[in-house]
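Here is how the chains run, residue by residue.
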Amino acid sequence: MKTDVEELTPTRVKLTVEVPFDELKPNLDKAYKEISQQVRIKGFRPGKVPAPLIDKYVGRGAVLQEAVNDALPELYGRAVEESEIFVLGQPDVEVTELEDGTQFAFTAEVDIRPKFEVPDYDGLEVVVEDAEVTDEQVGETIDNLRERFASLTGAERAAEEGDFATIDLVARIDGEEIEDASTAGYSYEVGSNSAIEGLDEAITGLAAGEDKTFTGTLVGGEHAGEEAEITVTVQSVKVKNLPDLDDEFAQLASEFDTIEELREDVRVRLGRQVKLQQLSEARDKALEALLEKVDIPLPEKVVEEEIGRRNQQLEQQLQMAGMTRDDYLKEEEKTAEEFDTEVADAARLAVKGGFVLDQLAVQEELGVENEELSEYVVSQAMQMGVQPQQLAEYLTQNNQLPAIVSEVLRSKALNLVVEHVTVKDESGNEIDVDAVQRELNGETAEAEDAAEEAADTQAEGGPKEEAPEETAEAAAEEAPAAEAADEQDAKGKDA
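In this numbering scheme, every chain counts its residues from 1 along its sequence in written order. Only residues with pLDDT of at least 70 get local features here, since the model is predicted, and only at 80 or more are side-chain atom pairs given and counted; chain-wide, interface and lining totals rely on the full set of residues. Only hydrogens and water are set aside; all other atoms, that is, all heavy atoms of the structure, feed into the side-chain values.

## Observations concerning the overall build of the chain
- Per the secondary structure count, the chain includes 15 helices and 12 strands.
- Here the contacts in the chain between residues at least 6 apart in sequence split such that 68% fall between residues at least 24 apart.
- Computed with the Shrake-Rupley method and a 1.4 Å probe, the accessible areas treat only the protein chains shown as cover for residues. For the chain, the exposed area adds up to about 30,300 Å²; of that, 46% sits on carbon and sulfur atoms. What counts as a helix is a DSSP run of H or I of at least four residues, what counts as a strand is a run of E of at least two, and both are numbered from the N terminus. Working rule for contacts: check all heavy atoms of both residues, and any pair within 4.5 Å makes them a contact.

This is how it looks when you write it as structure tokens:
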């Protein structure tokens, strides 16, 4: 087989492949066998019709076409491998020559990853936010916890902002009630602006048994976006009571005995969160700094596919949230043109980042071990709330393993970049990314010292006792103090 490569653009090539006809023999035999199973010729059982009769009754051309269709995927794959190009997406294939018994040729136009070398990334410096936990953040977290343990008591007065009112809603268009926009016994927090526009103003000042009619735009159902006359009737008004910020509350909401212990635990856990955010920011900015040093062309078709994927993902998220695209743009205070530009820019950056990390993995001869794949699958399964074995079977059955390998390789390549980048916080302090990662994974300086001491002891011929390894999963087993309130979410609503 002979393959010529013509560069149409830096990101698209045309392969011209010439194949000796003899190489099609296995495919021709397979074609005759399959067609023999399908045709019905008197005197011959299915699968036993000889080739000359198939040529006579079906046609040699049909057999050749079947053989070519069967051979093309493998021949194209061999041509790509021999040409040492990194193809992207599906090729546009055209059979250019098919002479029975002599020659077979085809062309394939396909997008490719541009050829380039990742420049030296030693000496890059990035700045991330300080990993600081303020008293205000601690206080806000504890206040949120108090909200979860709040109780409601009846109030013999008109509704005010912050109250919870039990209401009935009836929506009408041209005097006809809209059933899917009406409800009864709905508990609503006055002032939350979480329902139909104008509802908060209508409820404010109403006491139990009173009602008010206003005009509003329906946000869901068959008549979403239409104007309707909405009557709200207040059944009851209740006041939210927050628990006192004392030791009794700490014991109710957590495993701690005092409010000071609860505060300290919240501070520690917030500290872990901001350090995780700091590490994530360091990775993002390290990649951004590297991409600024690389100028490569991008295949427009690949970029368009990435734009389409991002838009589809957004549409799914909006649908789940019960929002329209217009609602989202209004909330983000963006025009459609501004949003499309942002998506396109992000898509181009993502495609470029993928190319650079892929090439870096090649240059640094990075590989993926089975253990690394297993760790990735377990991590993803935990995030998705499914069993690792179930996810692994799905990935295998849907041929997703190559994509997972690519994802792990890119992550390893980015880790390599971060190792060579100087990371500082906004206060000018240099951050040891490895040390922070070990700390978050549950490793401590004491554990490291113990490991070194054990190694020294073994080197001297002493007892060789293996210490249990502390993992990130073990360190993460303790839920935040605030999570202790999960069992109390439904309590205390009516006193």
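Next, the rest of the story.
## Focus on unusual backbone geometry
- One non-glycine residue, Glu84, lies in positive phi territory at about 55°.
- Looking at the secondary structure, you find Glu84 in the loop between α2 (51–83) and β3 (87–99).
- Each residue's exposure class comes from its accessible area (1.4 Å probe, protein chains only) as a fraction of the maximum for that residue type: buried when under 20%, exposed when over 50%, partly exposed otherwise. The exposure class of Glu84 is exposed, given its relative accessible area of 69%.
- Of note, Asn193 is a non-glycine position whose phi angle comes to about 50°, a positive value.
- Note on placement: Asn193 falls in the loop between β9 (183–189) and α4 (199–203).

## Notes on the pairing of strand β2 (residues 12–20)
- One requirement defines pairing of two strands: DSSP has to find at least two bridges between them. In this structure, strand β1 (residues 2–9) lies alongside β2, joined through seven bridges in antiparallel fashion. Paired with Val5 across the bridge in β2 is Leu15.
- Hairpin connection between β1 and β2: a loop of two residues separates the two successive antiparallel strands.
- Taken together, the nine bridges between β2 and strand β4 (residues 103–112) define a ladder with antiparallel strand orientation. Within β4, the residue paired with Thr16 across the bridge is Thr107.

## Describing the packing of helix α9 (residues 336–363) against helix α12 (residues 401–420)
- Interaxial distance between α9 and α12 falls to 8 Å at its minimum, and their mutual angle equals 80°. Classed by the angle they form, the pair α9 and α12 counts as roughly perpendicular. Within the contact between the two elements, α9 uses Gly354, Leu357, Asp358, Leu360 and Ala361 and α12 uses Ser406, Leu409, Arg410, Ala413, Leu414 and Val417.
- Note on residue categories: nonpolar means Ala, Val, Leu, Ile, Met, Phe, Trp, Tyr, Cys or Pro, charged means Asp, Glu, Lys or Arg, and polar means any other residue, Gly included. Its residues assigned to classes, the contact of α9 with α12 comprises seven nonpolar, two polar and two charged. Lines fitted to the C-alpha atoms define the axes, with helices restricted to the stretch that makes contact. Angles between their N-to-C directions range from 0 to 180 degrees. Note that the term roughly parallel is reserved for angles under 35 degrees, roughly antiparallel for angles over 145, roughly perpendicular for angles of 65 to 115, and oblique for everything else.

## Examining the pairing of β3
- By the bridge criterion, nine bridges tie β3 to β4 in an arrangement that is antiparallel. Of the residues in β4, the one forming a bridge with Val93 is Ala108.
- From the end of β3 to the start of β4, which pair antiparallel, there are three residues, and Gly101 there has a positive phi angle of about 90°.

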